[in-house]
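As a plain string of letters, each chain reads:
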Amino acid sequence: WKYAFTGYFAICGIYLAVRGGSATFEISVLCVLFVVLEMAISDQLYKVVPDQFSICLAVMSVAFISYSENWWEPFAGAGLGLAISLAILGLGMLLFRTGSLGGADIKFFTCMGLIAGRQGIVIIYILTTLLFAIQSAVKIAAGKGSIRDSSPMMPAACAAVTVYFMFLWNLEDIIFKL
């Protein structure tokens, strides 16, 4: 596994360097991806995500403030991430009488809102939901789970954050330049 993760960071780093941008942005993104990968591994293996990882993401959000249009954008993103998470949790409680999100997922989406802002957290949430649905469908189709099983969401969130930072960061700037 150490070769797979080393390769993951090498490919992400090389892609960010080739794509252009500042070294500060590249280092910040790689640090965020490292913490999110650790969260995913912890959630997959132990079904527990330590609070220290969420605190690290919140502290790292300071590096992304200069990429926001307004000073309040990170706070709006965090509020939106928290609101969406709590809405999904409430909907899950109403429909299934059990939580559909864990506390770590709520903290993760709140902290990612601090980093990515309003548009970014919506994109990350949609990608996470789609990737998690695909992961669950494959698991059920392979006979390794049922619809009632609880599965960790952080591996799908890690993939979603990677796709967002590699391909979708500042997507509106790219679209409007064309």
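Placed above this text is the structure.
Residues numbered from 1 in each chain as written. Predicted model: local features only at pLDDT ≥ 70, side-chain atom pairs only at ≥ 80, totals over all residues. Heavy atoms only, no water.

Student: Please clarify how the overall build of the chain should be interpreted in this entry.
Tutor: Along the chain, the regular secondary structure elements total 7 helices and 0 strands. When the helices and strands of the chain are placed in sequence order, the string is α-α-α-α-α-α-α. Against the compact-globule benchmark of 16 Å for 178 residues, the chain has a radius of gyration of 16 Å, which places it among compact chains. C-alpha extents for the chain along the principal axes are approximately 45 × 40 × 35 Å. (Helix = DSSP H or I, 4+ residues; strand = E, 2+ residues; numbered from the N terminus. Rg over C-alpha atoms; globule rule 2.2 N^0.38 Å.)

Student: Would you mind showing me how to read the pattern of salt bridges here?
Tutor: Where charged atoms from two side chains of opposite charge approach closely, those side chains can pair. Under the definition given, this model contains 2 salt bridges. Close ionic contact of Lys107 with Asp51 constitutes a salt bridge, the shortest N to O distance being 2.2 Å. With Lys107 in helix α5 (residues 103–141) and Asp51 in helix α3 (residues 51–60), this residue pair connects regions lying 56 residues apart in the sequence. Its relative accessible area of 33% is what places Lys107 among the partly exposed residues. Between Glu73 and Arg118 there is a salt bridge whose closest N-O contact spans 3.0 Å. (Salt bridge = Lys/Arg side-chain N within 4 Å of Asp/Glu carboxyl O. Buried < 20%, exposed > 50% of the residue type's maximum accessible area, 1.4 Å probe, protein only.)

Student: Which parts of the structure should I look at to understand the packing of aromatic side chains?
Tutor: How two aromatic rings sit relative to each other is given by the distance of their centres and the angle of their planes. Enumeration over the complete set of coordinates arrives at 15 aromatic pairs. Judged by centre distance (5.9 Å) and plane angle (65°), the rings of Phe64 and Trp169 are edge-to-face. Placement of the pair is Phe64 in the loop between α3 and α4 (73–96) and Trp169 in the loop between α6 (154–168) and α7 (171–177), with a sequence separation of 105 residues. An angle of 65° between the planes, with centres 5.0 Å apart, marks the rings of Phe108 and Phe109 as edge-to-face. Each member of the pair, Phe108 together with Phe109, is buried. Through successive ring pairs, a cluster of aromatic residues spans Phe25, Phe64, Tyr67, Tyr164, Phe165 and Trp169. (Phe/Tyr/Trp six-rings, centres within 6.5 Å; stacked < 30°, edge-to-face > 60°.)

Student: What am I meant to see in the nonpolar core here?
Tutor: Inside soluble globular proteins, nonpolar side chains tend to come together where they are buried. Membership of the largest hydrophobic core comes to 40 residues, with the highest contact counts inside it found for Val32, Leu57, Phe108, Met112 and Phe165. Those elements giving two or more residues to this core turn out to be α1 (2–19), α2 (23–46), α3, α5 and α6. With 12 residues, the single largest contributor to this core is α5. Apart from the residues within four sequence positions on either side, Met112 is in contact with Val32, Val36, Leu57, Gly117, Ile121, Ile124, Val161 and Phe165. (Core = buried A, V, L, I, M, F, W, Y, C linked by side-chain atoms within 4.5 Å. Contact = heavy atoms within 4.5 Å.)

Student: Help me understand the environment of Pro155 in this model?
Tutor: Mapped onto the elements of the fold, Pro155 is located in helix α6. Since its relative accessible area comes to 24%, Pro155 is described here as partly exposed. Separated by 149 residues in sequence, Pro155 and Thr6 place their C-alpha atoms 17 Å apart. If sequence neighbours within four positions are ignored, Pro155 has contacts with Ala40, Asp43 and Gln44.

Student: Sorry if this is basic, but what is going on with a nonpolar patch on the surface here?
Tutor: Residues Ile88, Leu91, Leu94, Leu95 and Phe96 make up a contiguous nonpolar surface patch of roughly 520 Å² in combined accessible area. Within the secondary structure layout, Leu94 lies in helix α4. With relative accessibility at 62%, the residue Leu94 sits in the exposed group. (Patch = residues over 30% accessible without salt bridge, like charges linked within 9 Å, V, L, I, M, F, W, Y side chains within 5 Å. Areas by Shrake-Rupley, 256 points an atom, 1.4 Å probe, with all protein chains shown as cover.)

Student: What am I meant to see in the state of the cysteines here?
Tutor: Working definition of a disulfide: a covalent bond connecting the sulfur atoms of two cysteines. The final tally for this structure, using the stated rule, is 0 disulfides. Free of any disulfide, Cys56 has its nearest cysteine sulfur in Cys111, 9.7 Å distant. In this structure Cys56 comes out as partly exposed when scored by relative accessible area, which is 34%. Looking at Cys111, the relative accessible area reads 9%, which means it is buried. (Disulfide = S-S within 2.5 Å.)

Student: Just to check I follow, could you spell out the side chain of Asp105 for this structure?
Tutor: Along the polypeptide, Asp105 turns up in helix α5. An unpaired buried charge is present at Asp105: no salt bridge exists, and Lys107, the closest side chain of opposite charge, is 9.7 Å distant. If we skip the residues at most four places from it in the chain, Asp105 touches Ser85, Met153 and Met154. (Lys, Arg positive; Asp, Glu negative; His and termini not counted.)

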